[in-house]
Amino acid sequence: MVLADMPDAARKQLSSEWRSRWQASPVKATLLSVREGLQDLILGPRPRGFFKMPFFEQLAAEGGHGCRIVQQTPEIERSAWRVNVVIRKAP
């Protein structure tokens, strides 16, 4: 199982700094708000939070599975605080 684009709680400050710069422009702040509203309308309300990576490691271990946390590559927007979580079925 792959959980992609998970915000890492250990890097939450990077997100806050990015959002502050983004929202410095009223136009950008409005666009961000509209985008989030449309996403909720289309996909339904979703939790918006940051996850502690040990949560995923413990979840995998409880099922007897392996877990690997993979930092996203810098080419992906907002990758500085987002990771992909790979939970692999035990052999």
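All figures in this text were calculated on a predicted structure; none of them were measured in a lab.

Rules used throughout
- Residues numbered from 1 in each chain as written.
- Predicted model: local features only at pLDDT ≥ 70, side-chain atom pairs only at ≥ 80, totals over all residues.
- Heavy atoms only, no water.
- Helix = DSSP H or I, 4+ residues; strand = E, 2+ residues; numbered from the N terminus.
- Buried < 20%, exposed > 50% of the residue type's maximum accessible area, 1.4 Å probe, protein only.
- Arc of directions from axis to C-beta.
- Contact = heavy atoms within 4.5 Å.
- Core = buried A, V, L, I, M, F, W, Y, C linked by side-chain atoms within 4.5 Å.

Engineer: Could you clarify how one ought to interpret unusual backbone geometry in this entry?
Structural biologist: Among all residues save glycine, negative phi is the norm, and among peptide bonds the norm is trans. Notably, D5 is not glycine yet its phi reads approximately 65°, a positive angle. Residue placement: D5 occurs in strand β1 (residues 2-7). One non-glycine residue, R78, adopts positive backbone phi at about 65°. Within the fold, R78 resides in the loop between β2 (66-71) and β3 (82-88).

Engineer: How should I be thinking about helix α3 (residues 53-62) in this particular structure?
Structural biologist: Each turn of an α-helix holds 3.6 residues, which means side chains three or four residues apart point in the same direction. Buried residues of α3: M53, F56 and A60, and no others. What you see down the axis of α3 is that its buried residues fit within an arc of 65°, all on one side. Turned more than 90 degrees away from the buried face of α3, the exposed residues are P54, A61 and E62. Elements in contact with the buried residues of α3: β1, β2 and β3.

Engineer: Would you take a moment to explain the nonpolar core for this structure?
Structural biologist: When a protein is soluble and globular, its nonpolar side chains tend to lie buried together. Formed by M6, M53, F56, A60, V83, V85 and I87, the largest nonpolar core amounts to seven residues. For this core, the secondary-structure elements that each account for two or more residues are α3 and β3. Leaving out residues up to four positions away in the same chain, V85 has contacts with M1, V2, L3, M6, F56, C67, R68 and I69.

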